[in-house]
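# Reading the structure
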Amino acid sequence: MSIEQEPGILEIHTSFASTEFGKILAGRIRYEKYRPDGVTNDRWRELLGADVNNLSHLTLTYGLTRSFVRRLRTSQAELLNPHEETVLQTAALIHDWAEAIVGDVSFGDKTTDDDAVERASFEANLAKFYSGNATELIDEARQDIIFDHTSKLGKMFNAIERVGYLRTALRASAYLESGTAPGFENSFLWITADVLSNQIPALVTYAVDYTPVSEYLVHQEPLVSNAFDRVNDSPSVFENYRETQLTKLAQFDQAEAVWRNYLFPG
């Protein structure tokens, strides 16, 4: 069965989107802390794309997951069986449902306590989120992937999510290079610095295990390297972290060292 023929996957999203919780996510944005004052949700999404809307982020992640699965089928077919493919794609569509209740916390600010609250909220409200025929599939994705990044599928999904973060940061960085988003320079530098710091070391590690991640990093190498250079040219961006700016600068430097070693090992 091809990816396109898998039954019921998008019905899960359609069902959730029609609930009050889906409508809440549709009205919210991600990367909120980086947004300049006075910028509307629509303008933020216009600039940074579907990934910064809480609801469309789910379908975008689903698309990334489909691409990941499709590439594994030709490069590492032994890694996934058909059921695992389905569960992984289900996780993409449901992974942020509880944020309609608990809100979205930026990646670098999220704590284990935040994760615990989100997990409890998901469990308590699953029947309100969805009432169709895929409840068992959703519950499997919830337990084995969304709230377990150490499992086989949890690691894969974590890699996919991190690719999603990097995609958005590279989009922000592209505006800095082109100069086509005046007034957003600090915001987009901050996003770029934060995402590179948080995601590059993990993605370099995942590239060893997953061909799709390795191929993505190779393809995006010029953009990632330019993004590091752009942040280095504007070190004042770390003032956004206030009392933790030295710690964040050190984290960024470490991420850059990992990236340069990845490109030029030894």
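Residues numbered from 1 in each chain as written. Predicted model: local features only at pLDDT ≥ 70, side-chain atom pairs only at ≥ 80, totals over all residues. Heavy atoms only, no water.

## As for the overall build of the chain
Helix and strand counts for the chain come out as 13 helices and 0 strands. When the helices and strands of the chain are read in sequence order from the N terminus, they spell out α-α-α-α-α-α-α-α-α-α-α-α-α. Its C-alpha radius of gyration of 19 Å places the chain within 12% of the 18 Å reference for a compact globule of 266 residues. Relative to its 266 residues, the chain shows a buried fraction of 52%. (Helix = DSSP H or I, 4+ residues; strand = E, 2+ residues; numbered from the N terminus. Rg over C-alpha atoms; globule rule 2.2 N^0.38 Å. Buried < 20%, exposed > 50% of the residue type's maximum accessible area, 1.4 Å probe, protein only.)

## Remarks on the environment of Ile146
Within the secondary structure, Ile146 is located in helix H8 (residues 135-146). Judged by relative accessible area, Ile146 falls into the buried class, the value being 9%. Remark: the alpha-carbon pair of Ile146 and Ala250, spanning 104 residues in sequence, is separated by 29 Å. Not counting chain neighbours up to four residues away, the residues in contact with Ile146 comprise Ala91, Ile94, His95 and Ala141. (Contact = heavy atoms within 4.5 Å.)

## Observations regarding the packing of helix H10 (residues 185-209) against helix H13 (residues 245-263)
Axis separation between H10 and H13 bottoms out at 8 Å; the angle between their running directions is 35°. In the packing of H10 onto H13, the handedness of the crossing is left-handed. Each of Ala193, Leu196, Ser197, Asn198, Ile200, Pro201, Val204 and Ala207 in H10 lies in contact with H13, whose residues at this interface are Lys248, Gln251, Phe252, Ala255, Val258, Trp259 and Tyr262. Its residues assigned to classes, the contact of H10 with H13 shows 11 nonpolar, 3 polar and 1 charged. (Axes fitted to C-alpha atoms, helices over the stretch in contact; angles between N-to-C directions. Left-handed = near helix turned anticlockwise from the far one by under 90°. Nonpolar A, V, L, I, M, F, W, Y, C, P; charged D, E, K, R; others polar.)

## A closer look at the pattern of salt bridges
Tallied over the entire structure, the rule returns 15 salt bridges. Between Asp115 and Lys110 there is a salt bridge, and its shortest N-O distance comes to 4.0 Å. We classify Lys110 as partly exposed; its relative accessible area is 29%. What you see here is one network of salt bridges that share partners, running through Arg119, Glu123, Asp139 and Arg142. (Salt bridge = Lys/Arg side-chain N within 4 Å of Asp/Glu carboxyl O.)

## Focus on unusual backbone geometry
Its identity as a non-glycine residue notwithstanding, Tyr31 has a phi of 60°, on the positive side. For Tyr31, the location among the structural elements is in the loop between helix H2 (20-26) and helix H3 (41-48). A relative accessible area of 6% places Tyr31 in the buried class.

## Considering a nonpolar patch on the surface
On the surface, a cluster of nonpolar side chains totalling about 210 Å² of accessible area is made up of Ile101, Val102 and Val117. In this fold, Ile101 is placed in helix H6 (residues 99-102). (Patch = residues over 30% accessible without salt bridge, like charges linked within 9 Å, V, L, I, M, F, W, Y side chains within 5 Å. Areas by Shrake-Rupley, 256 points an atom, 1.4 Å probe, with all protein chains shown as cover.)

## Considerations on the environment of Lys110
Take Lys110: it is sitting in the loop between H6 and helix H7 (112-129). Sequence-distant contacts of Lys110, defined by excluding residues within four places in its chain, comprise Glu99, Val105, Asp115 and Glu118. For Lys110, the side chain forms a polar contact with the side chain of Glu118, separated by 2.7 Å. (Polar contact = N/O pair within 3.5 Å; in protein donor to acceptor, adjacent residues only side chain to side chain.)

## Topic: helix H5 (residues 82-94)
An ideal rise of 1.5 Å per residue puts 18 Å on 13 residues; H5 measures up with 19 Å between its terminal C-alpha atoms. Among the 13 residues of H5, 11 are classified as buried, and the element is accordingly described as predominantly covered. All buried positions along H5 are accounted for by Glu84, Glu85, Thr86, Val87, Leu88, Gln89, Thr90, Ala91, Ala92, Leu93 and Ile94. The N-terminus of H5 is capped by Asn81, whose side-chain oxygen sits 3.1 Å from the backbone nitrogen of His83. (Expected span 1.5 Å × (residues − 1).)

## Quick notes on the packing of aromatic side chains
All chains considered together, the criterion is met by 23 aromatic pairs. Between the aromatic rings of Phe122 and Phe147, the centroid separation amounts to 6.0 Å while the plane-to-plane angle is 80°, which identifies the pairing as edge-to-face. Here the residue Phe122 occupies a position in helix H7, and Phe147 occupies one in the loop between H8 and helix H9 (152-178), the gap between them amounting to 25 residues. Judged by relative accessible area, Phe122 falls into the buried class, the value being 0%. Here Phe147 falls in the buried class, since its relative accessible area comes to 18%. Members of the aromatic cluster, connected to one another through ring pairs, are Tyr31, Tyr34, Phe107, Tyr165, Trp190, Phe228, Phe238, Tyr241 and Phe252. (Phe/Tyr/Trp six-rings, centres within 6.5 Å; stacked < 30°, edge-to-face > 60°.)

## Some remarks on the nonpolar core
Counting residues in each nonpolar core, the largest one holds 84 residues, and the members touching the most others are Trp44, Leu88, Trp97, Leu166, Phe188 and Ile191. Not counting the four nearest positions on each side in its chain, Ile191 is found in contact with Tyr31, Tyr34, Trp44, Leu48, Ala169 and Ala172. (Core = buried A, V, L, I, M, F, W, Y, C linked by side-chain atoms within 4.5 Å.)

## Description of the confidence of the model for the chain
Overall, the prediction assigns the chain a mean pLDDT of 95, with 97% of residues at 70 or greater. Within the model, the stretch residues 1-5 combines pLDDT values under 50 with 11 contacts to residues more than four positions away or in other chains. (pLDDT = per-residue confidence, 0-100.)

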